[in-house]
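So you can see what is in the structure, the chains are spelled out below.
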Amino acid sequence: MKIDVLTLFPAMFAGPLDESIIKRARLKGLLDLTIHDLRNWTHDRHRTVDDRPFGGGPGMLLKPEPLFEAVESLQREKTRVILFSPAGRKFDQSIARELAQQEDLLLITGHYEGFDERVRETLVDEEISIGDYVLTNGALPAMVVVDAVTRLLPGALGDDASSHDESFSDGLLEYPQYTRPAEFRRMKVPEILLSGNHAEIEKWRREQAKLRTIERRPDLL
Ligand code: 4GT
């Protein structure tokens, strides 16, 4: 899968996407990720990307020209163009699954107070929010989406983790898990997990997952 990111802060992306599973997916060629500096599509001496809103009011907006030129130069036949903003569709695992099916994503991250509305109207296929809170810019949301999507690409996870994900996509929270030692500071691992009875362990885990979901996230049920 190819993902292009348009940002004013390319340096923010160094680090988080160069570690662990994402790093491996890139090395394996599963993910072809390129970070682009939006200022590369400006033409003035100051590389201006923002301007004041018509009608007055506080703050600055991303002006349309660099964004249009950038998207037009980067987009290919099947590119899905995604804009990050608090006004977007709320990101979740089903959107991640849907995006993981695409060949080509172009992620636009904002800054300042937002975008010229014409960007939304004609340049963008879909607007996504990662949750109901306000951030200084869209770089972190873009990284969240790249991470969630990349781990779903076939071959990105080890076999253990991917089959686990499968069994957990029943929409429940994770059941409690333990590793050694069986007793730690007088806290004991539930007896059932040490029993070797796999049918009973499965049953216990499903029960625990349900209880936890009812208690913490009834909205998921
Ligand atoms: C929050 C989100 C987002 C921002 C979110 C344009 C000005 C948007 C700054 C940017 N805040 N972007 N995508 N919850 N802030 O997804």
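Residues numbered from 1 in each chain as written. Predicted model: local features only at pLDDT ≥ 70, side-chain atom pairs only at ≥ 80, totals over all residues. Heavy atoms only, no water.

In this section: the nonpolar core. Grouped together as the largest cluster of nonpolar side chains are 28 residues, with contacts concentrated most on I3, L31, F91, L99 and L107. Broken down by secondary-structure element, the contributors of at least two residues to this core are β1 (2–7), α1 (20–27), β5 (80–90), α3 (93–100), β6 (104–109) and α5 (139–150). With seven residues, the single largest contributor to this core is α5. Other than its neighbours up to four places away in sequence, L107 contacts I3, D4, V5, L6, I82, F84, A142 and V146. Counting residues in hydrophobic clusters, the runner-up holds 18 residues, among them L6, V71, V81 and I108. (Core = buried A, V, L, I, M, F, W, Y, C linked by side-chain atoms within 4.5 Å. Buried < 20%, exposed > 50% of the residue type's maximum accessible area, 1.4 Å probe, protein only. Helix = DSSP H or I, 4+ residues; strand = E, 2+ residues; numbered from the N terminus. Contact = heavy atoms within 4.5 Å.)

On the surface, M12, Y133, L135 and L140 cluster together into a nonpolar patch covering about 360 Å² of accessible area. Locating L140 in the fold gives a position in helix α5. (Patch = residues over 30% accessible without salt bridge, like charges linked within 9 Å, V, L, I, M, F, W, Y side chains within 5 Å. Areas by Shrake-Rupley, 256 points an atom, 1.4 Å probe, with all protein chains shown as cover. Salt bridge = Lys/Arg side-chain N within 4 Å of Asp/Glu carboxyl O.)

Moving on, we get to the sheet that holds strand β7 (residues 114–115). Strand order across the open sheet formed by three strands is β3-β4-β7, with mixed pairing between neighbours. Pairing within the sheet leaves two strands with one partner each, and these edge strands are β3 (50–51) and β7. Pairing of strand β4 (residues 61–62) with β7, which is carried by two bridges, proceeds in the parallel orientation. Bridging across to β7, L62 finds its partner in F115. (Pairing = 2+ DSSP bridges.)

The next point concerns the site of the ligand. In the vicinity of the ligand, 15 residues are found, and the nearest of them are Y112, I130, G131, Y133 and L135. In this structure, I130 approaches the ligand through a main-chain N or O atom, which is 2.8 Å from an oxygen atom. L135 has a polar backbone atom sitting 2.8 Å from a nitrogen atom of the ligand. Here the shell around the ligand gets three residues from one element, more than from any other, and that element is β5. A class-by-class count of the residues in the shell around the ligand yields eight nonpolar, seven polar and no charged. (Near = heavy atom within 4 Å. Polar contact = N/O pair within 3.5 Å; in protein donor to acceptor, adjacent residues only side chain to side chain. Nonpolar A, V, L, I, M, F, W, Y, C, P; charged D, E, K, R; others polar.)

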